[in-house]
Structure formats: C-alpha cells, structure tokens
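Fold and geometry: a report
Listed here are the chains, written in short residue letters.
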Amino acid sequence: QVQLVESGGGLVQPGGSLRLSCAASRNIRDLPIMSWYRQVPEKQRELVALLSNMGSTQYVDSVKGRFTISRDKAKNNIYLQMNSLKLDDPAVYYCTALYNGRTVWGQGTQVTVSS
C-alpha cells in the first residue's frame, strides 16, 4: 500500500503564493499518475493538476499559468506551486496517486485565501 501526506497549506492574501508538498511512502516510479484535487463544502472534488511518471502534466483551466505540479523522485515528493492565488482558490487540497489501479488519497491540507 501507499500513504500520502500533504503539507504546506495555510493562509495567504490574494495574489500570494503557497507551495503544497505531498510525501509518498513508496517510490514515485511505482505511482504512474499523481494528482492534486481540491474540494470546498457542498461541492464535488475538482481535479486541479495531474502529473504522470513520464513528466506530462494537465491542469484545470482555472489554474493554468498560475499553478505548477512537479516531483522530486529522490524524496518521493510531489509539489503544487500556487501563485497569484485568488479568492476562488480556497479549498482542502488533496494529493492522490494511482496505485494498483486504484486512487489513493492523502488527508488533505487547507488553503485559505483572505485579505
């Protein structure tokens, strides 16, 4: 099994930046797809960014040009760099990984954007 632990969330002003981290308990090379989702109350979880183990990325339109997903294989970590944060970005952000054909979820980290 694999475990994912997110960190780096917090409070930031509009236009500010945060970097979320996700630590995986096994080699990222064993995880062909890793993603960041976000969820706000009463709304469905939204795929924010996706990273394959071949380096390809995908982003939801609302974060293109502002968010970047990346990986550090040596540390078995993936990151979500969030710049130019907006008032509609606050949510619980979840790291996910595809493992043995199933999606594994982290516990989430809260991102709050407020002036």
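Residues numbered from 1 in each chain as written. Predicted model: local features only at pLDDT ≥ 70, side-chain atom pairs only at ≥ 80, totals over all residues. Heavy atoms only, no water.

Looking at the overall build of the protein
Check the secondary structure of the protein and you find zero helices and eleven strands. Seen in sequence order, the protein has helices and strands lined up from the N terminus as β-β-β-β-β-β-β-β-β-β-β. For 115 residues, the compact-globule estimate of 2.2 N^0.38 gives 13 Å, and the C-alpha radius of gyration of the protein, at 13 Å, lies within 12% of that figure. If you line up the protein on its principal axes, its C-alpha atoms span 40 × 25 × 25 Å. (Helix = DSSP H or I, 4+ residues; strand = E, 2+ residues; numbered from the N terminus. Rg over C-alpha atoms; globule rule 2.2 N^0.38 Å.)

Quick word on the pairing of strand β4 (residues 33–39)
Two strands pair when backbone bridges link them, and β4 and strand β5 (residues 46–52) are joined in this way by six bridges, in the antiparallel orientation. Bridge pairing in β5 places R38 opposite E46. In this structure, the hairpin formed by β4 and β5 is closed by a connection of six residues, where E42 is found at a positive phi of approximately 70 degrees. Where β4 and strand β9 (residues 91–99) come together, six bridges link them in antiparallel fashion. Among the inter-strand pairings, Y37 is bridged to a residue of β9, identified as Y94. (Pairing = 2+ DSSP bridges.)

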